[in-house]
Amino acid sequence: MRILARPHQFPVRLATGAFILNSGLTLADSSREGAAHIHGMASTAYPFLKDMDPEEFTRWLARGQIAVGTALLIPLVPSLLAGAALTAFAGGLVGLYLRAPGLRQEGSLRPTQEGLSVAKDVWLLGIGAGLVAEELTRD
């Protein structure tokens, strides 16, 4: 596994990492009501989360976002590892989009107005998968 990210990967890693890190830092400061909203949406899509305390869930989610964002920002973290973490995180977001009611138009993959903020996360999945694919197919 290559230790240092390739120079052409820096822009995408920087942009994506900064976005996710900012999101995680913002989430870490969530109010009790904000945590309840985020947990409610996540537990609707992923029922196994229902029994988890909303504030604890939000703390763990924020920590995960901070970790993924930081991994992308540090060039010494191999792109295979950073890309795999991003792909897993983004897969969860896309799963949320596909499972939570009201985010998609009836019988379609097209987002509703409420679903637009989650549907756009498909680009994170594409970036993560691209980083992983590049590292797995390089000599």
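Quick caveat, the model's predicted, so the values are computed rather than measured. (Residues numbered from 1 in each chain as written. Predicted model: local features only at pLDDT ≥ 70, side-chain atom pairs only at ≥ 80, totals over all residues. Heavy atoms only, no water.)

Chemist: Give me the lowdown on the nonpolar core, citing residues and values where you can.
Modeler: Buried together is how nonpolar side chains tend to be arranged in soluble globular proteins. Counting residues in each nonpolar core, the largest one holds 13 residues, and the members touching the most others are Ile20, Val68, Leu72, Ala82, Leu86, Phe89 and Leu124. Among the secondary structure elements, those contributing two or more residues to this core are helix 3 (54–73), helix 4 (79–99) and helix 6 (122–137). For Leu72, the residues in contact, after removing those within four places along its chain, are Arg13, Thr16, Gly17, Ile20, Ala82, Leu86 and Leu131. If you look at the next biggest cluster of nonpolar residues, it comprises 11 residues, including Ala42, Tyr46, Leu96 and Leu103. (Core = buried A, V, L, I, M, F, W, Y, C linked by side-chain atoms within 4.5 Å. Buried < 20%, exposed > 50% of the residue type's maximum accessible area, 1.4 Å probe, protein only. Helix = DSSP H or I, 4+ residues; strand = E, 2+ residues; numbered from the N terminus. Contact = heavy atoms within 4.5 Å.)

Chemist: Describe the packing of helix 4 against helix 6, naming the residues involved and giving the relevant values.
Modeler: How two helices pack is summed up by the angle between their axes together with the distance between the axes. Look at helix 4 against helix 6: their axes get within 7 Å of each other, and the N-to-C directions meet at 150 degrees. Taken as axis vectors, helix 4 and helix 6 run roughly antiparallel relative to one another. When the axes of helix 4 and helix 6 are compared, the crossing they make is left-handed. Note on element contacts: helix 6 touches helix 4 through Val122, Leu124, Leu125, Ile127, Gly128, Ala129, Leu131, Val132, Glu135 and Leu136, opposite Ser79, Leu80, Gly83, Ala84, Leu86, Thr87, Phe89, Ala90, Gly91, Leu93 and Val94. Within the contact of helix 4 with helix 6, the residues separate by chemical class into 15 nonpolar, five polar and one charged. (Axes fitted to C-alpha atoms, helices over the stretch in contact; angles between N-to-C directions. Parallel < 35°, antiparallel > 145°, perpendicular 65-115°, else oblique. Left-handed = near helix turned anticlockwise from the far one by under 90°. Nonpolar A, V, L, I, M, F, W, Y, C, P; charged D, E, K, R; others polar.)

Chemist: Got a sec to walk through the confidence of the model for the chain? Specific residues and values, please.
Modeler: Residue-level pLDDT values for the chain average 93, and 99% of them are 70 or greater. Per-element averaging of pLDDT across the chain places helix 5 (residues 116–119) at the bottom with 86 and helix 3 at the top with 97. (pLDDT = per-residue confidence, 0-100.)

Chemist: Got a sec to walk through helix 6? Specific residues and values, please.
Modeler: Along its 16 residues, helix 6 runs 22 Å from first to last C-alpha, staying within 8% of the 22 Å computed at 1.5 Å per residue. By the burial criterion, the buried members of helix 6 are Leu124, Ile127, Gly128, Leu131, Val132, Glu134 and Glu135. For helix 6, the angular spread of the buried residues around the axis is 160 degrees, confining them to a single face. Exposed positions of helix 6 whose direction lies more than 90 degrees from the buried face are Leu136 and Thr137. (Expected span 1.5 Å × (residues − 1). Arc of directions from axis to C-beta.)

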